[in-house]
Amino acid sequence: MSTPTLQTGHVGLNVTDLARSIAFYRQVFDFEILGEQTEGDRRFAFLGRDGTLLVTLWQQSSGTFATGLPGLHHLSFQVPDIEAVRRAETVLRDLGAELVYDGIVPHGEGASSGGVFFTDPDGIRLEIYAPAGAETASAPTQGAPTCGFF
C-alpha cells in the first residue's frame, strides 16, 4: 500500500482588521482576491495567485499575535531568487512593516539560503526567503537558526 503524497494546502490566519490585512498581503505578496465577504458578522478573504488559494484571512480576533502560546510560529514563503527577496524588502520598508532583523539575513551561520523576517499588521511572524544568495550577510544569532525569531 502506498502512502499518498501530502503537501500544504492553504494557511488560514485570524486578523483584527480584514481590510488592512487584505491590503498588506496584496502589496507584500502580490496576492489576488479569489473570494471575500467584507460585510456582516462573518468577514473573510481568500487570497492566492494564478487561481490557487494560498492564504485565507478571517476577521475573528482582537489583540496581537501571541508568540508565547502554542500554535503558529511563523509563516514562510519561498521566492525564486535573492532579487525577489530584495524587492519584497523594499515593499516592506515602504509600508513601514516591522523587520525582525536588519534586512536580508541567512538562515544560519554559513547558510546560502535566507531572507527577510517581518511581522504583519497583527504581529504575525512572516518570512520571505530564497534558497540561495544570502551567504554574504552575517547571521544575526550565532548558533541558532534565524527563522527561530530569536
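Here is what the cut-offs are and how they apply
Residues numbered from 1 in each chain as written. Predicted model: local features only at pLDDT ≥ 70, side-chain atom pairs only at ≥ 80, totals over all residues. Heavy atoms only, no water. Pairing = 2+ DSSP bridges. Helix = DSSP H or I, 4+ residues; strand = E, 2+ residues; numbered from the N terminus. Axes fitted to C-alpha atoms, helices over the stretch in contact; angles between N-to-C directions. Phe/Tyr/Trp six-rings, centres within 6.5 Å; stacked < 30°, edge-to-face > 60°. Buried < 20%, exposed > 50% of the residue type's maximum accessible area, 1.4 Å probe, protein only. Salt bridge = Lys/Arg side-chain N within 4 Å of Asp/Glu carboxyl O.

**Examining the sheet that holds strand β2 (residues 32–37)**
Part 1 of the reasoning: Read from one edge to the other, the open sheet built from four strands follows the order β1-β4-β3-β2, with strand pairing classed as mixed. Edge positions in the sheet fall to β1 (11–15) and β2, since each has one partner strand and no second. The average angle at which neighbouring strand axes cross in this sheet is 20°, direction not considered.
Part 2 of the reasoning: Direction of pairing for β2 relative to strand β3 (residues 44–49): antiparallel, over a ladder of five bridges. Bridging across to β3, E32 finds its partner in G48.

**Concerning the packing of aromatic side chains**
Within a pair of aromatic rings, the relevant descriptors are the distance that separates the centres and the angle that separates the planes.
Part 1 of the reasoning: Scanning the entire structure with this criterion turns up 12 aromatic pairs.
Part 2 of the reasoning: Each ring, one from F44 and one from W58, has its centre 5.4 Å from the other, and the planes form 40°; the classification is tilted. Within this pair, whereas F44 is found in strand β3, its partner W58 is found in strand β4 (residues 52–59), the two being separated by 14 residues in sequence.
Part 3 of the reasoning: With a relative accessible area of 18%, F44 lands in the buried category.
Part 4 of the reasoning: Relative to F149, the ring of F117 lies with its centre 5.4 Å away and its plane at 85°, an arrangement referred to as edge-to-face. Highlighted residues: F117 in strand β7 (residues 114–119) and F149 in the segment after β8 (125–130), separated in sequence by 32 residues. Taken individually, F117 and F149 each receive the classification buried, so the pair is uniform in this respect.
Part 5 of the reasoning: Here the aromatic cluster, defined as three or more aromatic residues joined through ring pairs, consists of F24, Y25, F29, F31, F77 and F118.

**Observations regarding the pattern of salt bridges**
Part 1 of the reasoning: By the definition in use, this model includes four salt bridges.
Part 2 of the reasoning: Here R93 ties to D102 by a salt bridge, and the two come within 3.4 Å at their closest N and O atoms.

Structural measurements only, silent on function.
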